[in-house]
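# Fold and geometry: a report
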Amino acid sequence: MRITRKLFSHIHKIDTLIFRLKKQGMNASQAYEYFVLRAQKIALSHGYECVNWEETFNNFGDKLNRKTVVHNWLGGGVAKRVVAAGLRCIVSNQDKWYLHYLDTSWSEFYSNEPLTNITNPKQQELVIGGEVCMWGETVDGSDIEQTIWPRAAAAAERLWTPYDKLAKDPRQVTGRLAHFRCLLNQRGVAAAPLAAPGRGAPPEPGSCYMQ
């Protein structure tokens, strides 16, 4: 009975919201825009800065506050447009830096360039960082560490290394990344071997360093 009442309450609230939207002459997209911009205004008034998913930039970027940080996650090309508009950007494009895509190897994580096609030094400074993403619904306690490491470490090295000092061939990184993976194992972190695209078993018996 409680569930029924709670469900009825939610339906009533949704109906009320839809009525208000129609009364204001707004469709769903317009209501979303209104909510985001209103929430930004409130956050900024309290001294906070806002990080928005890229959808807000894609749909009404010219209306976002200039202090907005845009989180690029859908794919390539967005970061270039964000910084060209004068906004800051965090890069975590899902075609390269999403950990639950198990067919993406560590070398692809290392090779991903957040500054692709951004040649203006001032605009490059607006790319303030990057992020690898791990969605909780695709892992549990039995495999989360294997899935995250060592590919996240490859992206980390990519982010803290100046572009002109990057290894031109990811194989130049293999030795130290394998060593780091061994250190993780020694410290009780179940990091997967480098040979696996995502998580996987060692290719043969032997010590961590031999794998």
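Right, let's walk through the structure included here. (Residues numbered from 1 in each chain as written. Predicted model: local features only at pLDDT ≥ 70, side-chain atom pairs only at ≥ 80, totals over all residues. Heavy atoms only, no water.)

## What about the environment of leucine 115?
Relative to the assigned elements, leucine 115 resides in the loop between helix H6 (106-111) and helix H7 (121-124). Residue class for leucine 115 comes out partly exposed when judged on its relative accessible area of 24%. With 35 residues separating them in the primary sequence, leucine 115 and lysine 80 have C-alpha atoms 7.7 Å apart. Residue contacts for leucine 115: discarding those within four places in its chain leaves Gln124 and Val127. (Helix = DSSP H or I, 4+ residues; strand = E, 2+ residues; numbered from the N terminus. Buried < 20%, exposed > 50% of the residue type's maximum accessible area, 1.4 Å probe, protein only. Contact = heavy atoms within 4.5 Å.)

## Digging into unusual backbone geometry
Peptide bonds are trans in most cases, and residues, glycine excluded, mostly fall at negative phi. Residue proline 150 is bonded to the preceding tryptophan 149 through a cis peptide linkage, with omega at 10°. In this structure, proline 150 sits in the loop between helix H8 (144-148) and helix H9 (151-160). Located in the positive-phi region is asparagine 117, a residue other than glycine, with phi close to 65°. By secondary structure assignment, the location of asparagine 117 is in the loop between H6 and H7. For asparagine 117, a relative accessible area of 55% puts it in the exposed group.

## Thoughts on the packing of aromatic side chains
In total, this model carries six aromatic pairs according to the counting rule given. For the pair tryptophan 53 and tryptophan 73, a centre-to-centre distance of 5.8 Å together with 65° between the ring planes defines the contact as edge-to-face. Here tryptophan 53, found in strand S1 (residues 51-53), pairs with tryptophan 73, found in the loop between strand S2 (69-72) and helix H4 (78-84); they are 20 residues apart in sequence, far enough to count as distant. Judged by its relative accessible area of 40%, tryptophan 53 falls in the partly exposed class. Clustering of aromatic rings is evident, with ring pairs tying together Trp53, Trp73, Tyr98, Tyr101 and Trp135. (Phe/Tyr/Trp six-rings, centres within 6.5 Å; stacked < 30°, edge-to-face > 60°.)

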